[in-house]
Amino acid sequence: MSHPILSEFDIVFAGGGTTACVVAGRLAAYDPSLRILILEAGKHTLNKPIHVQPYQFPFNQAPTSTTVTFNIGNPSPRLNGRAPIVPCGRCVGGGSCVNFMVYTRPPASDYDDWGVNGWESENLIPLMKKLETYEVQSNLPTHGYDGPIKVSSGGCKVDICDEFIQVGTTYHKRQYADDTDDLETCNTYSPWRKYINGTTGRRSDAAHHYVYNQAHNQNLQVWDGKRVKRIIFEDKRAVGVEFTSDPVSCPDEDQSLSIVRASKLVVVSAGTFGSPTILERSGIGAKAVLKRCGIEQLVNLPGVGENYQDHNVIFVPYLAADEVVTLDALWRGESIPQGKHVLAMIPAIYNYPSVESLAQWNSNGKSLIAQNGLDSKIKWRPDHEELKAMDPVFQPRWKEFFQDRPDKAASLEYPSSSQLHDRLLLYSTDFPSTPFFFLKFFNSFTPVSAGSVHINVTEDGKEKMDFTAGFLDDPSDIVPLDFGYKKTREILRRMASYRGEVAAGHPNFPEGSAAACREASGPVDLNAPDIVYTAEDDEAINQFHRDIVQTAWHSLGTCAMKPEVDQGVVDARLNVYGVSNLKVADMSISPLNIGANTYSTALLIGERAAMIIAEDLGIDCMDLTRARLR
C-alpha cells in the first residue's frame, strides 16, 4: 500500500522530546543549511504558561493532561497486585517542559561505569559545562557559564529549606555543602538548585533554548501532533519514517498514514517507551515479540525493549505550622497564606496565580511563580550504625556497589513545601481540611530490579503496550525505602514547622503502636529518643511502600548502548545494530541507572549525540564558540 510522501529532509527525528530538541538545535546551529524535521506526537509548548511558569508543573500530571502519556504497567505481586502508572513527556521538549525542574547531576563515575568508549566522564564534562549557565556560584570547575540551559535558585526560598538543613546537620550529623552537584560530593545537606532562569523566572527547557530560539531558520521544522509508526527501510538502510496525525493531539484530523524521507539520517528520539516500540513496529527486535504482533523481522535484536529501569519514589505528608508558606494557595489562585486555609478535596485544578504574584514574576522573574517548592536535599549514604539497622538483604548490594565508592548515593531525600505533588493528595477525602502540610518524599537511586517495554496486540487486533516496570522485584530495593521512612520521619519531627503526621498518608500501624501517626503541637526536642518500631510496625511500613511506591519519572534503558551480545541495541556512536542510517538518542540508550534525576543526562546525551552526528556528516563542531545557543 502506497502512502503520500510529503517531503524530504536531510535528518528526520522520530520524537521531539528533550534530547531530540538538543540534537536538532545544535545541528541546525552548526550548519543552518541542514534540512531537519522533528515529528512529535504532542503539541507545541512555545510560551504556554503551563510550560514556562515553574509553579504550574503539577498540572501536567493531572489525570486529564495531554502533555504527558500515562503508561500503564502490568500488575505486580511485589506491588500487592497494583498496576504501576508511569507518565512521560508528550509535547515538544518532552520531559524538559513538564518535569519538576530540579537540578541534580549524577557522580562522574556513573558515566565511567557505562564502560562505553567516548562516553567516559572526562569526555562528557566539557559537554556538561557547554550546555549550562550556572547562575548560583562563579568559577566552579565542573559547571558551565555560557550555555543555553539556565540553573538558579529560583524566584524565592521557602521556609522549610533551612529547617531541613539545620536538623540534618545537627541531629543527622551530616555536613553542609553549597554544591552537591559537582559530580563527586555526596552525603551532605545542600540547597537544591533549579532549571529556572534566575532573571526571567521561566522554566529552562530544551524546546525554548535549542529549537524555538532558531525560528529564523526555516530549515529547522517541527511538526507537532504527528505520531511516528515505523521506520522505512531500503535494503536495511533507513530512508524515512511513516507517521500519522496523533489521535490525542489531533482527534479531528485524518488518521491516514504518510511518509517523509530522510536523505542522510533517521534519529529515533521517542523516549524510553516510544523508541523501542518504534523499532519493534519497524521489524527490529526479538523474534517472539514481533511474531505475536504479526510483524516481519528485519533485524534480530532481542535487547530492544529490555533493561527498563527507573527510580522508586514515596510521597509522605506531614502537617506544618499555620504560618508556613507553601505553593498550595498559589495553585488555588489565592494570595500568599496568612493563617489556615482549606486544602482538602479541590474540585478542579486552578492554575490561575494571584495578581500580586503574577505581577512580580512579570516584573523581575521573582515570587512563588518561579518556584517548585523544592529547596533542599541530601544525596544520602547510610553510615555504619544506619547500615546495621537496615535489613541484612541490602548488605550484598552495599558491599558490591556502594561500600568503596563514596560518591555513590543510596537515595535522595528532600522536603517539599506543597501538597499537590501526588494525585492521591488531590483526590483523597481522608486528608485534613484545615492546616497546611508539606510532603517529604525520597527515592531509591540504585534499584536492582529491571523491567521491559514491548508492543503487543489485543484480541481484536489493536496495538497495546506490554509494560513490566519491575518495581521492587529484587528484595534489596525496598530496604532503602523502609529505612528511609524511619530516618526522614525523625528529621522532620525535629523541624520547627512540624505539627504532626497526616495519618492517612502513612503506614497503618497496629493499634497502640508507639509509631502511630498523629497531630502534634510542635516538634520534639532535638535530642529526643527515636521512635522504636516493632516487627509488626516494620511489616506495616513494608506493605505501605508496596501499596504506594511509584515511578520517579526517570525511565531509561530500553535501547541500551551496550555490545550486541549483551542485549545492546546501539553502539557507542548510537547506531542501531544491523541497519544503517539509523540512530537512537534519548534516555533509552542509558545502559545503567544513574544516581540523579534524568534531565541532566538527557541534555548531555543530546549534546554528545549532536557531536557524533556532526562528525559523521563532516561538520567541524569542536570549536565550542560556534553554534552558541541562548
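Everything here concerns the structure above.
Residues numbered from 1 in each chain as written. Predicted model: local features only at pLDDT ≥ 70, side-chain atom pairs only at ≥ 80, totals over all residues. Heavy atoms only, no water.

**Student:** Just give me the short version of the overall build of the chain, but keep the residues and values in it.
**Tutor:** Counting its regular elements, the chain contains 16 helices and 23 strands. Computed over the C-alpha atoms, the radius of gyration of the chain is 24 Å, within 12% of the 25 Å expected from 2.2 N^0.38 for a compact globule of 630 residues. Dimensions of the chain along its principal axes, counting C-alpha atoms only, are 70 × 55 × 50 Å. Burial status across the chain gives 62% buried among its 630 residues. Summarising the internal contacts of the chain: among those between residues at least 6 apart in sequence, 73% fall at separations of at least 24. Summed over its atoms, the accessible surface of the chain is roughly 23,100 Å², and 51% of this surface lies on carbon and sulfur atoms. (Helix = DSSP H or I, 4+ residues; strand = E, 2+ residues; numbered from the N terminus. Rg over C-alpha atoms; globule rule 2.2 N^0.38 Å. Buried < 20%, exposed > 50% of the residue type's maximum accessible area, 1.4 Å probe, protein only. Contact = heavy atoms within 4.5 Å. Areas by Shrake-Rupley, 256 points an atom, 1.4 Å probe, with all protein chains shown as cover.)

**Student:** Could you give an account of the pairing of strand 20 (residues 463-468), naming the residues involved and the relevant values?
**Tutor:** Alignment of strand 19 (residues 452-457) against strand 20, held across six bridges, turns out to be antiparallel. Residue pairing in the sheet places His454 in a bridge with Asp466 of strand 20. Count of turn residues in the strand 19/strand 20 antiparallel hairpin: five residues, of which Gly461 carries a positive phi of about 90 degrees. (Pairing = 2+ DSSP bridges.)

**Student:** Requested: an account of the packing of helix 1 (residues 18-30) against helix 16 (residues 599-616), with residues and values cited.
**Tutor:** Direction vectors running N to C along helix 1 and helix 16 enclose 35 degrees, while the axes themselves pass 8 Å from each other. With respect to the hand of their crossing, helix 1 and helix 16 are arranged in right-handed fashion. Counted together, Thr18, Thr19, Val22, Val23, Arg26, Leu27 and Tyr30 of helix 1 and Tyr599, Ala602, Leu603, Ile605, Gly606, Glu607, Ala609, Ala610, Ile613 and Ala614 of helix 16 form the full contact between these two elements. Classifying every residue of the contact of helix 1 with helix 16 by side-chain character gives twelve nonpolar, three polar and two charged. (Axes fitted to C-alpha atoms, helices over the stretch in contact; angles between N-to-C directions. Left-handed = near helix turned anticlockwise from the far one by under 90°. Nonpolar A, V, L, I, M, F, W, Y, C, P; charged D, E, K, R; others polar.)

**Student:** Please provide a residue-by-residue account of the packing of helix 4 (residues 121-131) against helix 16, values included.
**Tutor:** Across the interface, helix 4 lies against helix 16 with an axial gap of 9 Å and an inter-helix angle of 110 degrees. On the basis of their axis angle, the class for helix 4 and helix 16 is roughly perpendicular. Taken together, the residues of helix 16 that come into contact with helix 4 (itself represented by Leu124, Leu127, Met128, Lys130 and Leu131) are Leu603, Leu604, Glu607, Arg608 and Met611. Tallied by class, the residues present in the contact of helix 4 with helix 16 amount to seven nonpolar, no polar and three charged. (Parallel < 35°, antiparallel > 145°, perpendicular 65-115°, else oblique.)

**Student:** So what's going on with helix 15 (residues 535-548)? Residues and values would help.
**Tutor:** Counted at 1.5 Å a residue, the expected span for helix 15 with its 14 residues is 20 Å, and the 20 Å between its end C-alpha atoms agrees. Regarding helix 15, the residues found buried are Asp537, Ala540, Ile541, Asn542, Phe544, His545 and Arg546. (Expected span 1.5 Å × (residues − 1).)

**Student:** For the nonpolar core, give the residues involved together with the corresponding values.
**Tutor:** With 115 residues, the main nonpolar core has Phe13, Leu27, Trp119, Ile284 and Leu582 as its most contacted residues. For this core, the leading source of residues is helix 16, giving eleven residues. (Core = buried A, V, L, I, M, F, W, Y, C linked by side-chain atoms within 4.5 Å.)

**Student:** Could you give an account of unusual backbone geometry, with specific residues and numbers?
**Tutor:** The backbone of Met101 sits at a positive phi, close to 65 degrees, despite the residue not being glycine. Tracing the backbone through its elements, the reader meets Met101 in the loop between strand 4 (85-89) and helix 3 (108-113). Given the relative accessible area of 1%, Met101 is considered buried. Within the chain, Lys236 stands out as a residue other than glycine whose phi angle is a positive 65 degrees. Within the secondary structure layout, Lys236 lies in the loop between strand 10 (226-234) and strand 11 (237-245).

**Student:** How would you summarise the environment of Ser363 if you had to cite specific residues and measurements?
**Tutor:** On the secondary structure map, Ser363 appears in helix 10 (residues 355-364). Classification of Ser363 by relative accessible area gives exposed; the value is 62%. Remark: the alpha-carbon pair of Ser363 and Gly201, spanning 162 residues in sequence, is separated by 9.8 Å.

**Student:** Let's hear about the side chain of Gln309: which residues, and what values?
**Tutor:** Residue position: Gln309 is located in the loop between strand 14 (299-300) and strand 15 (312-320). Looking at Gln309, its side chain comes within polar contact range of the side chain of Asn307, at 3.0 Å. Other than its neighbours up to four places away in sequence, Gln309 contacts Ser449, Ala450, His554, Ser555, Leu556, Pro591, Leu592 and Asn593. (Polar contact = N/O pair within 3.5 Å; in protein donor to acceptor, adjacent residues only side chain to side chain.)

**Student:** Any chance you could break down the pattern of salt bridges for me, citing the residues and the numbers?
**Tutor:** All told, the structure shown has 31 salt bridges when counted by the stated rule. Between Glu8 and Arg261 there is a salt bridge, and its shortest N-O distance comes to 3.8 Å. Pair noted here: Glu8 is in strand 1 (residues 5-14) and Arg261 is in strand 12 (residues 258-268), with a separation of 253 residues, a long-range link. Given the relative accessible area of 36%, Glu8 is considered partly exposed. Residue classification places Arg261 among the partly exposed residues on the basis of a relative accessible area of 25%. (Salt bridge = Lys/Arg side-chain N within 4 Å of Asp/Glu carboxyl O.)

**Student:** Mind laying out the packing of aromatic side chains, listing which residues take part and the relevant values?
**Tutor:** If you walk through the whole model with that rule in mind, you get 25 aromatic pairs. With a centroid separation of 5.3 Å and 70 degrees between ring planes, the pair formed by Tyr103 and Tyr195 is classed as edge-to-face. Of this pair, Tyr103 sits in the loop between strand 4 and helix 3 while Tyr195 sits in the loop between strand 8 (188-191) and helix 6 (206-211), and the two are 92 residues apart along the sequence. Here the aromatic rings of Trp398 and Phe402 are separated by 5.5 Å at their centres, their planes lie at 15 degrees, and the arrangement is stacked. Linking Trp398 with Phe402, this pair stays in helix 12 (residues 395-402), spanning four residues, or about one helical turn. Summarising the burial analysis for this pair, Trp398 and Phe402 share the class buried. Through successive ring pairs, a cluster of aromatic residues spans Tyr103, Tyr134, Tyr145, Tyr195 and Tyr599. Here the guanidinium or amino end of Arg494 rests over the ring plane of Tyr171, the centre of that ring lying 4.1 Å away. A cation sits over an aromatic face here: Arg608 above Trp119, 5.7 Å from the ring centre. (Phe/Tyr/Trp six-rings, centres within 6.5 Å; stacked < 30°, edge-to-face > 60°. Lys NZ or Arg CZ within 6 Å of the ring centre and 35° of its normal.)

**Student:** How would you explain helix 1 if you had to name every residue and give the values?
**Tutor:** In this model, helix 1 (13 residues) spans 18 Å end to end at C-alpha, consistent with the 18 Å of a helix rising 1.5 Å per residue. Within helix 1, 13 of the 13 residues are buried, leaving the element largely enclosed by the surrounding structure.

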